[in-house]
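# Report on the structure
Letter by letter, the chains look like this.
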Amino acid sequence: MSAIIERLQKIEDRYNEINDLLISDEIISQPKLMGKLAKEQAGLKQAVDAYEELKSLNSRIDEAHQLLKEDDHEIKEMAHLEIEECEPLREELLEKIEVLLIPKDPVDDNNAIVEIRGAAGGDEGNIFAGDLYRMYARYAETQGWKTDIIEMMEAEAGGFTLVSFIVKGDGAYGQLKFESGSHRVQRVPKTETQGRIHTSTATVLVSPEIAEDEYELNMNDIEIETMRASGAGGQHVNKTDSAVRITHIPTGIFVKCQDGRSQIENRATALNTIRAKVYAEMKRIEDEAKGKERKSKLGTGDRSEKIRTYNYPQNRVTDHRIGLTITQLDRIMEGKMDDVIAGLLQEEQRQKLAGEN
């Protein structure tokens, strides 16, 4: 327990240090830094609260053990009762603290950038991409998050060949990061006259939105083009050069944004998105250079990995990575994804505690 207390004490010291910084004139005059520190402090609060609770329980147990040395029978009985009550509470709290002390990905609290593409199955793959978009948009609503479209390419038969959007809300990336991969649907398409079940896929890629102070893009590596927007999107489409395409020349990564109401708005959104994509690519290259092997079975970036099957005839969803099957597909497609997300996050915690991640 001494190692846990030592770590908790360091966290509490940092929490108190931030408290002092937040009321200093130097920090008050720097809103960006103030916001960053406040965010860091908020991330430490659960551990600090748990530490205070642990100190209180330890104090009660120590006092009870001292009372056991008394000659009075009633006092000894009360001390035994106190120990019997406090020790199970302490064990339970220590398990909670063990989870709180798991190193957290610093970008888990960030907004998420989600990109969905229709893949195998032609029209049905595109229609399914549209279904997945609605599922995530509805899930975002249940969390009190906001979604903004970056790029949308509608398919003739319905759905999308591509739709990308930002999910804005605390912890959005941490909740959605395991959605990256190939999603498979099994159902009878509307165009199928003989009732045969078809298998189609759509791919999902989730990246954290990255702020300028988290990763600085070299603007010399960036090429920005403006063009006329195309497709559905309102009266402004096809009348002004409001669409923006940004290419990161060293990697060839590019982003197009046309759904904002102005070129300035589209440029800002496209820059945010390209920053996230370049950050993710640079991190992947860095990890490879360090010889890091991905031990986790969950994954957060391989678009080809088949992660989940949506079986409509049996109203069943199966996440293949964690062996989770839920026979409530209709509810999940309405955005009620809590059980799936919780299962993935629990497995992430288990792997980290076991040293597998």
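The paragraphs below set out a description of the structure included in this document. (Residues numbered from 1 in each chain as written. Predicted model: local features only at pLDDT ≥ 70, side-chain atom pairs only at ≥ 80, totals over all residues. Heavy atoms only, no water.)

### Considering helix α3 (residues 31-67)
- Compared with the 54 Å implied by 1.5 Å per residue over 37 residues, the 52 Å span of α3 between its first and last C-alpha is a close match.
- Considering bend angle alone, the principal kink of α3 is centred on K45 and spans about 40°.
- Along α3, the positions that sit buried rather than exposed are L37, Q41, L44, A47, V48, A50, Y51, L54, L57, N58, I61 and A64. (Helix = DSSP H or I, 4+ residues; strand = E, 2+ residues; numbered from the N terminus. Expected span 1.5 Å × (residues − 1). Bend = angle between axes of the 7 residues up to and from the residue. Buried < 20%, exposed > 50% of the residue type's maximum accessible area, 1.4 Å probe, protein only.)

### Digging into the pattern of salt bridges
- Applying the stated criterion across every chain yields a total of 22 salt bridges.
- With its nearest N and O atoms 3.0 Å apart, the salt bridge here joins K177 to D108. Of this pair, K177 sits in the loop between α6 (172-176) and β4 (181-187) while D108 is found in the loop between α4 (73-100) and β1 (112-118), placing the two residues 69 residues apart along the sequence. Both residues of the pair, K177 and D108, count as buried.
- The residue E348 makes a salt bridge to K177 at a minimum N-O spacing of 2.9 Å. A residue pair is termed long-range when its members are at least 10 positions apart, and E348 in helix α9 (residues 338-353) and K177 in the loop between α6 and β4 qualify at 171 residues. The burial state of E348 is the same as that of K177; both residues are buried. (Salt bridge = Lys/Arg side-chain N within 4 Å of Asp/Glu carboxyl O.)

### Looking at α9
- If you check α9, its first and last C-alpha atoms are 22 Å apart, about what 16 residues at 1.5 Å a residue would give, namely 22 Å.
- Where α9 is concerned, the buried positions are V340, I341, G343, L344, E347, E348 and Q351. All buried residues of α9 lie within an arc of 160° about the axis, which places them on one face of the element. In α9, those exposed residues whose orientation departs by more than 90 degrees from the buried face are D339 and Q346.
- On its buried side, α9 packs onto α5 (123-142), α6, β9 (306-311), β10 (316-319), β11 (324-326) and α8 (329-333). (Arc of directions from axis to C-beta. Contact = heavy atoms within 4.5 Å.)

### Here we look at the sheet that holds strand β2 (residues 146-154)
- Here we have eight strands laid out as an open sheet, ordered β2-β3-β1-β5-β4-β9-β10-β11, and mixed in their pairing. At either end of the open sheet lies a strand with only one pairing partner, and these are β2 and β11. With strand direction ignored, the average angle separating the axes of adjacent strands in the sheet is 15°.
- Where β10 meets β11, three bridges bridge the pair, whose relative direction is antiparallel. Of the residues in β11, the one forming a bridge with D319 is L324. (Pairing = 2+ DSSP bridges. Axes fitted to C-alpha atoms, helices over the stretch in contact; angles between N-to-C directions.)

Function-wise, these values are silent; they only describe arrangement.
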